[in-house]
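# Residue-level structure breakdown
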Amino acid sequence: MTWDILNVIGTIAFALSGVIVAMEEEYDLMGVYILGFVTAFGGGAIRNLLIGVPVSALWEQGDLFVIAFIAMTIAFILPKLWIHHWVKWGVLFDAIGLASFAIQGAIYAANIGHPVSAAIAAAALTGTGGGMIRDVLADRKPMFLRQEIYIAWAMLAGLIVGMGLVDSTPGYILLLILIVTLRMLSVSFHWRLPYRRIND
Amino acid sequence: MTWDILNVIGTIAFALSGVIVAMEEEYDLMGVYILGFVTAFGGGAIRNLLIGVPVSALWEQGDLFVIAFIAMTIAFILPKLWIHHWVKWGVLFDAIGLASFAIQGAIYAANIGHPVSAAIAAAALTGTGGGMIRDVLADRKPMFLRQEIYIAWAMLAGLIVGMGLVDSTPGYILLLILIVTLRMLSVSFHWRLPYRRIND
Amino acid sequence: MTWDILNVIGTIAFALSGVIVAMEEEYDLMGVYILGFVTAFGGGAIRNLLIGVPVSALWEQGDLFVIAFIAMTIAFILPKLWIHHWVKWGVLFDAIGLASFAIQGAIYAANIGHPVSAAIAAAALTGTGGGMIRDVLADRKPMFLRQEIYIAWAMLAGLIVGMGLVDSTPGYILLLILIVTLRMLSVSFHWRLPYRRIND
């Protein structure tokens, strides 16, 4: 139950981030829906592809499709309702989406007996793959590659689940709170991984 | 038979649209072929992937490969033959490609028993997926996201086929004429779906 | 044995080319790893997808993952060790990667009984697919589309293997030397395929 709620929050958060990018690019209503859908569901599709689950399993998420559709429609009709709050709450929602999708992806990979490296990759892809497709379709540089620590937290979740350190619902909830907290701290304190210029 | 002819027209139209983009970007002969092939066959590949048909079914379309190859070779050697006509006739050919690919994609999805939502997605992907890959590879913003109504007509075809409202060859032909007409009207009268700026 | 060594050289060369692009874009450490991994392993993933091998076969390459990881870590920590040599030797390493990956991809496709066209496509995709994903993720125009003859040599390897003209280890080695030589000659003498401007 808790899980379903988190999944819904993550889906809505990711769908809305697609809606915002579509509006910034002045795409039409159809573009808004498409960018919202690929952001919310694209990560799971890439993950399924790479860990060997049929991508068509996507079509079994009918309820989430409907929820995302309603959220995007309201967001498009009444942008003033939420745009200002987004600046404030969007990062938190996105962090919840990142964490819940990453944990869910890692569980998926671990359940079908793949090694730890696949659990890490599945967590990273499920958590960030949708945003990656969104940015490629909008012809932007993928945000996840150069933000305050982002994909690394998804991979940490994958590592912990993949090594079997956590394997119960209460454990997953704690892990989710940990990942969300780490992500929010990264944003607040501008934590960045080391980087290097080529021309140093 | 009619169907095969439409499929050939659609394939050539899409291949030539890839050739034009490749020439605009000054890609070499190989780039011309590659961009033409991904535009003509990429939509079907993505659709197969997402509805669970092996992507490798692609390789059974040998005749269409040869036709596309010949069309692209002539187009590359003798651009003056067609470039000027393209401006005039290209939109119509592209509309035929969009409509025939969309209907074909929807029939595909419906035949393997997927729900209506999958038929709509299959129609949209088959009709516009090739152009999407073309634009991503050429580092452009996908045209289908912000043109006069485009992908929506493909989805309408998917909805009609997915709901079983049309399921015979004469019906498919009528649907094709309807979709091509709607698309041409959209271009002539600049029909656009509503869109919204983020800074309104 | 020779084969394994070539595969390792190709993997390292492609991983380092991803590292360089990531540094040029000022991505952080995680971006460096991600771009390196997709360049080294993305071509094989796309090839598997298009010729019908489960993409998840990717996860069986544990040793190559570790080698790529170590190479990228050293490259990131000590860029001065290699950046200057890269200009000189990078093209050769990349040519070895191109040739060994292309031949390997063609053998793959031929072994599962696909037609010659699939062997050519598999060679092209395995040899250049990783670089293509790298460039799309970094929001650049794919280099392979407009360089001195590049993908055409991979396709030549695919044609030769696909037609069964070469099917023994010594033969593959000779073919590899041929492809590497042709690629290096293309760079030295700026061989280009014909291209055409749209506004001629």
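Residues numbered from 1 in each chain as written. Chains lettered and ligands numbered in written order. Predicted model: local features only at pLDDT ≥ 70, side-chain atom pairs only at ≥ 80, totals over all residues. Heavy atoms only, no water.

- Heading Subcellular location (unreviewed entry) of the UniProt record for chain A holds this comment: "Cell membrane".
- According to the UniProt record, the Sequence similarities (unreviewed entry) comment for chain A is "Belongs to the UPF0126 family." (UniProt positions renumbered as here; feature names shortened; annotations may be inferred.)

## Observations concerning a nonpolar patch on the surface
All names here are of chain A.
- Together, Val66, Phe69, Ile70, Ile74, Ile77, Leu78 and Leu81 line one region of the surface with nonpolar side chains, adding up to about 650 Å² of accessible area.
- With respect to the helices, strands and loops of the structure, Leu81 is situated in helix α4 (residues 79-111).
- Using a relative accessible area of 53% as the deciding quantity, one classes Leu81 as exposed. (Patch = residues over 30% accessible without salt bridge, like charges linked within 9 Å, V, L, I, M, F, W, Y side chains within 5 Å. Areas by Shrake-Rupley, 256 points an atom, 1.4 Å probe, with all protein chains shown as cover. Salt bridge = Lys/Arg side-chain N within 4 Å of Asp/Glu carboxyl O. Helix = DSSP H or I, 4+ residues; strand = E, 2+ residues; numbered from the N terminus. Buried < 20%, exposed > 50% of the residue type's maximum accessible area, 1.4 Å probe, protein only.)

## What about the interface of chain C and chain A?
- Each side of the interface is counted separately: chain C has 26 residues, and chain A has 29 residues.
- Between chain C and chain A, a total of about 2500 Å² is buried, with carbon and sulfur atoms accounting for 69% of that surface.
- Interface area lost by chain C to chain A is led by C:Glu26, C:Asp28 and C:Trp59, which between them contribute 26%.
- One salt bridge in this structure joins A:Lys141 and C:Glu25, with 2.8 Å as the shortest N-O distance.
- Viewed at the interface, chain A and chain C are joined by three residue pairs in polar contact (both at pLDDT 80 or more).
- The element contributing the most residues to the side of chain C that touches chain A is helix α2 (residues 29-51) of chain C, with six residues. (Contact = heavy atoms within 4.5 Å. Buried area = accessible area lost by both parts, 1.4 Å probe. Polar contact = N/O pair within 3.5 Å; in protein donor to acceptor, adjacent residues only side chain to side chain.)

## As for the UniProt feature "domain: Glycine transporter" (unreviewed entry) in chain A
- This chain's UniProt record puts "domain: Glycine transporter" (unreviewed entry) on residues 5-78 and 92-161 of chain A.
- End C-alpha atoms of residues 5-78 of chain A are separated by 24 Å, and the span's content is 80% helix alongside 0% strand.

## Describing helix α3 (residues 62-77) of chain C
All names here are of chain C.
- Here α3 contains 16 residues, and its C-alpha end-to-end distance of 23 Å stays within 8% of the 22 Å for a straight helix at 1.5 Å per residue.
- Those residues of α3 lying buried are Leu64, Phe65, Ala68, Ala71, Met72, Ala75 and Phe76. Angularly, the buried residues of α3 cover 135° about the axis, an arc narrow enough to put them on a single face. Residues Asp63 and Ile77 are exposed on α3 and point more than 90 degrees away from its buried face. (Expected span 1.5 Å × (residues − 1). Arc of directions from axis to C-beta.)

## As for unusual backbone geometry
- One non-glycine residue, B:His190, adopts positive backbone phi at about 50°.
- Looking at where B:His190 falls in the secondary structure, it is placed in the segment after α7 (169-188).
- Of the residues examined, B:His190 reaches a relative accessible area of 55% and is grouped as exposed.
- Phi angles above zero are rare outside glycine, and C:Asp139 is one such case at about 60°.
- Note that C:Asp139 resides in the loop between α5 (116-137) and α6 (151-162).

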